[in-house]
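The chain contents come next:
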Amino acid sequence: MTPEYLIDEVNQAEDFRDQHLGDYRAMINRYTGPDYQGGGYESSDFDPANSMFEYVSLVLPRLIYDNPTVRVSSRRPVQQKLTAQKMQLALNLWCRSTDFRDTMQKIAVDTFFAWGVALTRQEPLLGQTTTSNDPMFLPKVYRINPEHFFVDPSAQDLDNCKYMGHKYISRKEDLLALAEKDKTYNAEEIEKIADGSGTSELRSGYRSSYAGYRDEIAVYEVFVPSAQPPKNGKFHGKIYTFGYNSEAYGSESSENDRGMIREPVDYYGPRSGPYSVFGFYTVPNSPYPLSPLVASNPIIKDLNNHYRSITYGAGAYKRLIFVDAKNRTLPQQIKESPDLFVIPVDSLDGDRIVPVEIGGITQQQLTYVNDLQNRIDRLSGMNEVQRGMISGDATATEVSVAESASGLRIAHIQRQFRSALETVLKSVSWYLFHDDRVQLPLGQEGIDMLNEVDPVFKGGSGAGNYEDLDLEIDPYSTEKVNQASQQRRATEVIGLIGNLAPLIPQAPFVQWNKLFDYLGHSLNIPELGNVIDMQGAMQQGQQQMMSGGGPSFGGVNMNGIPNPTAGNVSGQMSPSGPAAEARREARRNR
């Protein structure tokens, strides 16, 4: 792949991306409002009804309110039990120690306006000295601006892209320092590229004058997946890196505007690549997803245009009084008199005093604005129930139906976001599993779970294959949950366990694991089956049966042997104790 061919492909990819970001910056400006950047605005520069901010403020806490809680299991539970436990502890600790929640919140907001992009890579752990001969590494996740990410324009979905990449700003001094340590960088090409190349566009036109004294250039990284088997199972595809001034394209471009600043290198990471794309709705035959705000944007514009008209009409509203010009004192008397003051007028004619209203709001405007708001609510899934503003007019059935329909859309958005979040964490776990430069102390949680004095997760030391590990995020771990519902669910679980636990040793023919899996998924508590030690419960039941007549059902104990002391009550254990034995002895002597 020649540099000219690659640059030409990237130019087409950026043009294709920009077609899907037509109103992106304007939507963000309307989301923030005019005062975020100092005011000084016209009435047409902001939205009186800020639907963008309302949607983000209502949905964002339902997507990412806290760090995710990860559960790791294995398809080979015997061989990889310890590896899965350590991986689970390491991932949850990694989420807390790297401010993962803050990064995901930024990506979630990007997804509301276009799509979100996360870049996962392995980096030296911060805080080490520069002279460390054997530095420790840890995965790091970065948010990529949607305007700086691009994919193969000929692809019809993200899974079949021939390439994808992003661009960023870097100081030439930093790149030259890398070239001294890493011989894959080309110092001559870095020096050749003119200062400030491509940086103005990357900064959206702002602070472009900084580029001169900052000694910066625009750098592109392109990931090209490989169809060949990976090297050692750890290298998948190639990474191409070049400096490029996209503002000087075609005949205006010179040798100082582009250059391959690094030779192509093998990509060290999962086969899915370094990028994870977040989106809520797929579009047929397009790699870029669709946001609810983008789909609702035309109606939101229409709504705010009419709100501006209403605002203008309300500001122009006047209430005037027309009087007969022949009575010259009457206008002054009306103007100067206080409220409810009686003014005597000779030969008063009602037609000579006419109140007049000019401007104001019409009923037609209010009706149409209400209709537009309803349309936006239907598209976005928002309603008064979601806003917490339920009037007394709606019946309980209407509220329940509205909440169910809106909850279904929110649940889909939550699942899509959680699925992309799992993809990011799988990339992180790939580095934790394969890279022997990773060492992560597991703390008190590791001591409690693993019964080790000083448990440490060491990368590259896991048993079995990475592909046998399964990763899942607890459904309620990332979102803001209702405290009352959570407490009610906990109370229900306690009652459920209290009722079912005594039955486990009495009914070994019931597949309790499947039953608890079913109950756990219905209650959104997948780990419910782990609350009870099934093996211990069964052993207790066996001990009872071996002791001579375990629990009985209809006069037959669990060993299938008739129990003469069981009575005729089916499903109840025989009474015991001195008093019960005396009653049985009296019956036998009759």
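Chemist: Would you explain the nonpolar core in this entry?
Modeler: A general trend in soluble globular proteins is that nonpolar side chains are found buried together. Phe100, Phe112, Phe113, Leu293 and Leu432 are the most contacted members of the largest nonpolar core, which has 79 residues in total. Among the elements that make up this core, the one with the highest residue count is helix 14 (residues 396-434) (twelve residues). Residues contacting Leu432, with those up to four places away along its chain left out, are Met87, Ala90, Leu91, Leu138, Pro139, Val438, Phe457, Gly459 and Gly460. Judged by nonpolar contacts, the second largest core, of 13 residues, contains Leu6, Val10, Ala13 and Tyr220.

Chemist: Would you explain empty space enclosed by the protein in this entry?
Modeler: If a probe the size of a water molecule is rolled over the atoms, the empty space left behind becomes visible. Taken as a whole and judged by the stated rule, the model has three cavities of 30 Å³ or more. The calculated volume of the second largest cavity comes to roughly 40 Å³. Around the second largest cavity, the lining residues are Arg62, Leu63, Gln414, Phe417, Arg418, Leu421 and Thr478. Elements with a contribution of two residues or more to the lining of the second largest cavity: helix 3 (51-63) and helix 14. Considering each element in turn, the lining of the second largest cavity owes the most residues, four residues, to helix 14. Along the lines of polarity and charge, the residues of the lining of the second largest cavity split into three nonpolar, two polar and two charged.

Chemist: When you look at the environment of Val109 in this model, what are you seeing that I'm missing?
Modeler: Following the sequence through the fold, Val109 ends up in helix 5 (residues 100-113). Setting aside residues up to four positions removed in sequence, Val109 forms contacts with Val56 and Leu60.

Chemist: Is there a simple way to explain the pattern of salt bridges in this structure?
Modeler: Oppositely charged side chains are able to pair whenever their charged atoms sit close together. Summed over the entire model, instances satisfying the criterion amount to 24 salt bridges. Residues Arg171 and Glu173 are paired through a salt bridge, measuring 2.6 Å at the closest nitrogen-oxygen approach. Here Glu173 falls in the partly exposed class, since its relative accessible area comes to 47%. Taking the shortest distance from any N to any O, the salt bridge between Glu189 and Lys192 comes out at 2.9 Å. Remark: Lys192 and Glu189 occur in helix 7 (residues 187-192); sequence separation between them is three residues, near one turn of the helix. Exposure remark for Glu189: the relative accessible area of 21% places this residue in the partly exposed category.

What counts and how
Residues numbered from 1 in each chain as written. Predicted model: local features only at pLDDT ≥ 70, side-chain atom pairs only at ≥ 80, totals over all residues. Heavy atoms only, no water. Core = buried A, V, L, I, M, F, W, Y, C linked by side-chain atoms within 4.5 Å. Buried < 20%, exposed > 50% of the residue type's maximum accessible area, 1.4 Å probe, protein only. Helix = DSSP H or I, 4+ residues; strand = E, 2+ residues; numbered from the N terminus. Contact = heavy atoms within 4.5 Å. 1 Å grid on protein atoms, 1.4 Å probe; cavity = no way out; pocket = protein on both sides within 12 Å on 5 of 7 lines; lining within 4 Å. Points joined across faces, edges and corners; volume = space filled by probe spheres on them. Nonpolar A, V, L, I, M, F, W, Y, C, P; charged D, E, K, R; others polar. Salt bridge = Lys/Arg side-chain N within 4 Å of Asp/Glu carboxyl O.

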